[in-house]
Protein chains: 2
Amino acid sequence: MPFDPLSPHYQRIREQIAYDIATGTPQADEKFPSEREMIERFGCTRVTLRQALQQLEAEGLVYRENRRGWFVSPRRIRYDPTRISGFMDYVSAQGRTPRTECLQAELRPAGAWLARRMSLSSEDEPVFFLQRRRWIDRRPVLLEFNALLASWCPGLLDADLNTSLTRVLRERFSRVQSRCELEMHIGTVNEDQAELLQLSPGSTSVYLERLNFGEEDQAVEFDQEFWRPDALSIVMETRYPGKT
Amino acid sequence: MPFDPLSPHYQRIREQIAYDIATGTPQADEKFPSEREMIERFGCTRVTLRQALQQLEAEGLVYRENRRGWFVSPRRIRYDPTRISGFMDYVSAQGRTPRTECLQAELRPAGAWLARRMSLSSEDEPVFFLQRRRWIDRRPVLLEFNALLASWCPGLLDADLNTSLTRVLRERFSRVQSRCELEMHIGTVNEDQAELLQLSPGSTSVYLERLNFGEEDQAVEFDQEFWRPDALSIVMETRYPGKT
């Protein structure tokens, strides 16, 4: 019999595990029994169990740690894109432990695509490219790519980039941003990104793109973020100007 | 050999189809060849083809129409949650055709959960519950649940609800909302929701929740939205008040 991706069997297992989580066994950040034990308990194949777990992973209820097994997801971090507060600050403010890990930092010409995206006059404009991974407690939750105009913050690569970029720019370069254009949608992660975020390749992610403007309203930084789907909740308040 | 959900075979097929889309064959809203034809072309099983297509569906590159086959996704609608503009307006403004279909509308007591969420004084408070499905061009893209205080807009059920609720409230009840608290994250759809949105059960969706406040800053409406993952892009501009 061919494998049916819509088979109800893995859905029943998914429901049982979701019920266990809802009733607190295991609790947030606690480990599930091994796959072998769960296979025995549910009387299913490894394929079916994996389907149920990957479904729960997509829903943000469970996560996997390389070689350690499956865990219950902790609460989502709340991020308000209308505020200026940076990752290190809003994660701490929610009682969690943020960490930033700089994976790569280099100076290169902008290139055609980025020059167009940032409205630069030349694609040879020197730009700092950073790739950073950010953690909440013991989970990697976010991959961030930043491209910053070198002329706006020369010598950036000499600074410690395993921390808040907002703070480095402010304290070392006296730079602040005036506004930001933001776009976000559901995306997926490729194999490298999946590895870094401990997700399955092709998992969904929250994709967030920001174009930041400097003091003279010139584009100074372009960011791309890939968030674990279960790590983030976007919150904001909107006041309506007397709608008529 | 057991089926391996991480097998590279469906990834190769996914890449070939993504390449075809990028090079314009087929184009937006055009149909792919039948599954039978694609199985022949790729020399794969139906299972593997479905995995590749479901991966592309999660990425928002393809969508399925019940009984008609697979299609290339059109461009995402851009929605700015900081503006008051309603679905019917912002979809039209982007050159697309919006449609609202009221599936259910009834008057019931709020119940314990909603009373707490809206800070109502009694769980017996009468509330209009609406369930609506919204379309862009020929695709259903959004399921919306609205709960409105009956005392705020009495007689709502007599109005035509296959249209903009914002407009009905304004024109028929002279009601406008003053502000809104919004939360969104990646969620999934259950079987009924999947059916209504023509998705696979367990597909990811953009989940959006809104608590709307009235003229006296009292909670008057609570909304839940489930968006097709490929239909929506959130865009906004943020101005930073002189960050120091």
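All values derive from a computational prediction rather than experimental measurement.

Residue and element names in this part refer to chain A. Turning to helix 2 (residues 35-42), its buried residues number three or more, namely Glu35, Met38, Ile39 and Phe42. The buried residues of helix 2 occupy one face: seen down the axis, they fall within an arc of 105 degrees. In helix 2, those exposed residues whose orientation departs by more than 90 degrees from the buried face are Arg36, Glu40 and Arg41. Gly43 sits one or two residues past helix 2 and shows a positive phi near 55 degrees.

Residues and elements named next belong to chain B. Neither face of strand 1 (residues 62-65) is exposed, since Val62 and Arg64 on one face and Tyr63 and Glu65 on the opposite face are all buried. Relative to strand 2 (residues 69-72), strand 1 is paired through four bridges, and the arrangement is antiparallel. For Tyr63, the partnering residue across the bridge sits in strand 2 and is Phe71. Connecting strand 1 to the antiparallel partner strand 2 that follows it, the hairpin turn spans three residues, and Arg67 within it adopts a positive phi of roughly 65 degrees.

In this section: the packing of helix 2 (residues 35-42) of chain B against helix 3 (residues 46-59) of chain B. All names here are of chain B. At a minimum axis separation of 10 Å, helix 2 and helix 3 run at an interaxial angle of 105 degrees. Relative to helix 3, the element helix 2 lies roughly perpendicular. Packed against helix 2, whose contacting residues are Glu35, Met38, Ile39 and Phe42, the element helix 3 presents Arg46, Leu49, Arg50 and Leu53 at the interface. The residue makeup of the contact of helix 2 with helix 3, split by class, is five nonpolar, no polar and three charged.

Here we come to the state of the cysteines. Counted according to the given criterion, the structure contains zero disulfides over all chains. Not engaged in a disulfide, the cysteine Cys153 of chain B finds its nearest cysteine sulfur in Cys102 of chain B; these two sulfurs lie 13 Å apart.

Turning next to the relation of the copies chain A and chain B. When chain A is fitted to chain B, the best match, at an RMSD of 0.0 Å, comes from turning it 180 degrees and sliding it 0.0 Å along the axis. Taken together, these values place the two copies in the relation of a two-fold axis. Mapped onto chain B, 100% of the interface residues of chain A again fall at the interface, so both copies present the same surface.

Let's shift gears to the sheet that holds strand 9 (residues 219-227) of chain B. In space, the eight strands of this open sheet follow the order 3(A)-10(A)-7(B)-8(B)-9(B)-6(B)-5(B)-4(B), with mixed pairing throughout. The sheet terminates laterally at strand 3 (77-79) of chain A together with strand 4 (98-109) of chain B, the two strands that pair on one side only. Shown here is a sheet whose adjacent strand axes are inclined to one another by a mean of 20 degrees, direction ignored. Pairing geometry for strand 8 (residues 204-213) of chain B and strand 9 of chain B, over eight bridges, is antiparallel. In the strand pairing of strand 9 of chain B, Glu209 of chain B is matched with Gln224 of chain B. On top of the sheet, helix 6 (residues 165-173) of chain B reaches strand 5 (126-136), strand 6 (139-149) and strand 9 of chain B; it is set at about 35 degrees to strand 6 of chain B, its chief contact.

Once that is clear, we can look at the domain arrangement of chain A. Residue and element names in this part refer to chain A. By the assigned domains, chain A splits into domain 1 (8-72) and domain 2 (77-234). Look at where the C-alpha atoms of domain 1 and domain 2 centre, and you get two points 32 Å apart. Opposite the eleven residues of domain 1 that make contact, domain 2 presents nine residues. Between domain 1 and domain 2, a total of about 900 Å² is buried, with carbon and sulfur atoms accounting for 35% of that surface. Where domain 1 meets domain 2, there are one salt bridge. Taking the shortest distance from any N to any O, the salt bridge between Glu65 and Arg138 comes out at 3.0 Å. Summed over the shared surface of domain 1 and domain 2, the number is three residue pairs in polar contact (both at pLDDT 80 or more). Counting only elements with at least two residues in the side of domain 1 that touches domain 2, the list comes to helix 3 (46-59) and strand 1 (62-65).

In this assembly, 49 residues from chain A lie in contact with 49 residues from chain B. Taking both partners together, chain A and chain B bury about 4,500 Å²; carbon and sulfur atoms supply 59% of that area. Taken together, the connections running from chain A to chain B amount to two salt bridges. Note that Glu237 of chain B and Arg179 of chain A form a salt bridge whose closest N and O atoms lie 3.4 Å from each other.

Rules behind the numbers
Residues numbered from 1 in each chain as written. Chains lettered and ligands numbered in written order. Predicted model: local features only at pLDDT ≥ 70, side-chain atom pairs only at ≥ 80, totals over all residues. Heavy atoms only, no water. Buried < 20%, exposed > 50% of the residue type's maximum accessible area, 1.4 Å probe, protein only. Helix = DSSP H or I, 4+ residues; strand = E, 2+ residues; numbered from the N terminus. Arc of directions from axis to C-beta. Pairing = 2+ DSSP bridges. Axes fitted to C-alpha atoms, helices over the stretch in contact; angles between N-to-C directions. Parallel < 35°, antiparallel > 145°, perpendicular 65-115°, else oblique. Contact = heavy atoms within 4.5 Å. Nonpolar A, V, L, I, M, F, W, Y, C, P; charged D, E, K, R; others polar. Disulfide = S-S within 2.5 Å. Least-squares fit on C-alpha atoms with pLDDT ≥ 70 in both. Domains from an automatic or database assignment. Buried area = accessible area lost by both parts, 1.4 Å probe. Salt bridge = Lys/Arg side-chain N within 4 Å of Asp/Glu carboxyl O. Polar contact = N/O pair within 3.5 Å; in protein donor to acceptor, adjacent residues only side chain to side chain.

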